[in-house]
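# Breakdown of the fold
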Amino acid sequence: MSSSDNGTNPTLRLQGVGKWFGSLQVLDGIDIDVKTQEILTVLGPSGCGKTTLLRIVNGLIFCERGKVSFKGEVVDGPRPEMAMVFQNFGLFPWKRLDQNIGYALRIQGKAQSEIDRLVSHYTELVGLGGFEANYPAQLSGGMQQRAGLARALAAQPDVLLMDEPFGALDALTRETLQEELLRINEAEPKAMIFITHSIDEALLLGDRVLVMTPRPGRIRFQFETGFGRGRDLEEIRGGKRFQAMRHYLWEAMRNPEVEPEPIPELASE
């Protein structure tokens, strides 16, 4: 399988990012470039600063050291070109599905005709057509997460930030949404940072996998998966390359103080 061509210029650039909460250092010297349309998946132990990293990228909190730039401009607050999807869905229980999906668009002051068009398009894109009048309590967990994804996509961001969005779902729903996310990203490509605790998920979705150290979070290592666009997840799961990278990451996560042996499949490329 050939590597995907995700462009040459970074959409996002993190340079020397460090973050403290009081005397507790959470992140230390984070340098990351995310290319246009690249999917970067991030693994790391609990408490290593993965969610904090996403919030810094999104401009929700600030770093005491280093900087984040989006297309060459320093990020000094939330930007409409970036949208975030959370693990807990974040839907308003008193609003219908269509109202939840269109919420950010109304805040942005878009015309109602444009809101209706975008809500209809992204409701269909995530497979929720026909449920527009339902409230969150009337939807399954997987449907609620689809709604959260549709709400983020409706803002038409250049960058999608995903904080363990499938972590609370059952295994079958999780696998289904992994396939759906790739399908949607094929239809409307964008840069993505995807936080996960699942090694399989990191490999299946990522163009590049980045592994962080325990706190303070640093970049331990990273590599490209090489699976390209239009990937068949079932075919990937059964392949030797996937199994080799999975074993490598498993050993790395199990023994954070010991560097695992290089992956032969990658070393020979």
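Nothing here was measured: the structure is a model prediction, and the numbers come from that model.

Two side chains of opposite charge can pair, provided their charged atoms sit close to one another. Within this structure, the stated rule accounts for 18 salt bridges. A salt bridge links glutamate 73 to arginine 79, with the nearest nitrogen and oxygen atoms 3.1 Å apart. We classify arginine 79 as buried; its relative accessible area is 16%. Measuring nitrogen to oxygen at the nearest pair gives 2.6 Å for the salt bridge that ties aspartate 207 to arginine 231. Here arginine 231 lies in the loop between β10 (219–224) and α8 (233–237) and aspartate 207 lies in the loop between α7 (199–205) and β9 (208–212), a separation of 24 residues in the sequence.

It is worth spelling out helix α5 (residues 141–154) at this point. Taking 1.5 Å as the rise per residue, α5 with 14 residues should run 20 Å; its terminal C-alpha atoms sit 20 Å apart, in good agreement. Downstream of α5 by one or two residues, glutamine 156 has phi in the positive range, about 50 degrees.

Here the focus is the nonpolar core. Membership of the largest hydrophobic core comes to 50 residues, with the highest contact counts inside it found for Leu149, Leu160 and Leu249. Per-element accounting of this core gives the leading share, 7 residues, to α5. Each of domain 1 (10–81 + 157–267) and domain 2 (91–156) accounts for three or more of the residues forming this core. In this structure leucine 160 touches Ala83, Val85, Leu149, Ala152, Leu153, Lys190, Ala191, Met192 and Ile193, once residues within four positions along its chain are discounted. With 27 residues, the next largest nonpolar core counts Val57, Met82, Leu161 and Ile193 among its residues.

Okay, the sheet that holds strand β4 (residues 65–70) next. Pairing within the open sheet is antiparallel, and its 4 strands lie in the order β2-β1-β4-β5. Since the sheet does not close on itself, it has two edges, and those belong to β2 (24–35) and β5 (73–74), each with one partner. Taken together, the 8 bridges between strand β1 (residues 10–21) and β2 define a ladder with antiparallel strand orientation. Bridge pairing in β2 places phenylalanine 21 opposite leucine 24. In this fold helix α1 (residues 50–57) packs onto β1, β2 and β4, with an angle of close to 120 degrees to the strand it touches most, β1.

Bringing the environment of isoleucine 219 into the picture now. Examined against the element boundaries, isoleucine 219 turns out to sit in strand β10. The spatial distance from the C-alpha of isoleucine 219 to the C-alpha of lysine 19 is 14 Å, given a sequence separation of 200 residues. Apart from the residues lying within four places of it in its own chain, the contact partners of isoleucine 219 are Ile30, Asp31, Ile32, Leu210 and Val211.

Between α5 and helix α6 (residues 171–187), whose axes approach to 11 Å, the crossing angle comes to 20 degrees. Our classification of the angle between α5 and α6 gives roughly parallel. Considering the relative orientation of α5 and α6, their crossing is right-handed. Along the contact surface, α5 presents Gly142, Gln145, Arg146, Leu149 and Leu153, while α6 presents Thr173, Thr176, Leu177, Glu180, Leu181 and Ile184.

Domain boundaries assigned for the protein chain yield domain 1 (10–81 + 157–267) and domain 2 (91–156). Distance between the C-alpha centres of domain 1 and domain 2: 26 Å. The partner domain 2 presents 13 residues to the 17 residues of domain 1 that form the contact. Buried area between domain 1 and domain 2, summed over both chains or domains, comes out near 1,200 Å², and the portion from carbon and sulfur atoms is 65%. When the buried surface of domain 1 facing domain 2 is broken down by residue, Pro157, Ile184 and Glu188 rank first, second and third, together holding 40% of it. Taken together, the connections running from domain 1 to domain 2 amount to 1 salt bridge. Connecting domain 1 to domain 2 are 5 residue pairs in polar contact (both at pLDDT 80 or more). Of all elements in the fold, only β7 (159–163) and α6 reach the threshold of two or more residues within the side of domain 1 that touches domain 2.

What follows concerns unusual backbone geometry. The omega angle of the peptide bond from arginine 215 to proline 216 is 0 degrees, so this bond is cis rather than trans. For proline 216, the location among the structural elements is in the loop between β9 and β10. With a phi angle near 70 degrees, glutamine 37 is a residue other than glycine that sits in the positive phi range. Mapped onto the elements of the fold, glutamine 37 is located in the loop between β2 and β3 (39–43).

Using the criterion set out here, one finds 6 aromatic pairs in the structure. Ring geometry for phenylalanine 221 versus tyrosine 248: centroids 5.3 Å apart, planes at 75 degrees, classification edge-to-face. Of the two residues, phenylalanine 221 sits in strand β10 while tyrosine 248 sits in helix α9 (residues 240–254), which places them 27 residues apart along the sequence. Across the pair, exposure class does not vary: phenylalanine 221 and tyrosine 248 are buried alike. In this structure an aromatic cluster arises from ring pairing among Phe92, Trp94 and Tyr103.

Thresholds applied
- Residues numbered from 1 in each chain as written.
- Predicted model: local features only at pLDDT ≥ 70, side-chain atom pairs only at ≥ 80, totals over all residues.
- Heavy atoms only, no water.
- Salt bridge = Lys/Arg side-chain N within 4 Å of Asp/Glu carboxyl O.
- Buried < 20%, exposed > 50% of the residue type's maximum accessible area, 1.4 Å probe, protein only.
- Helix = DSSP H or I, 4+ residues; strand = E, 2+ residues; numbered from the N terminus.
- Expected span 1.5 Å × (residues − 1).
- Core = buried A, V, L, I, M, F, W, Y, C linked by side-chain atoms within 4.5 Å.
- Domains from an automatic or database assignment.
- Contact = heavy atoms within 4.5 Å.
- Pairing = 2+ DSSP bridges.
- Axes fitted to C-alpha atoms, helices over the stretch in contact; angles between N-to-C directions.
- Parallel < 35°, antiparallel > 145°, perpendicular 65-115°, else oblique.
- Left-handed = near helix turned anticlockwise from the far one by under 90°.
- Buried area = accessible area lost by both parts, 1.4 Å probe.
- Polar contact = N/O pair within 3.5 Å; in protein donor to acceptor, adjacent residues only side chain to side chain.
- Phe/Tyr/Trp six-rings, centres within 6.5 Å; stacked < 30°, edge-to-face > 60°.

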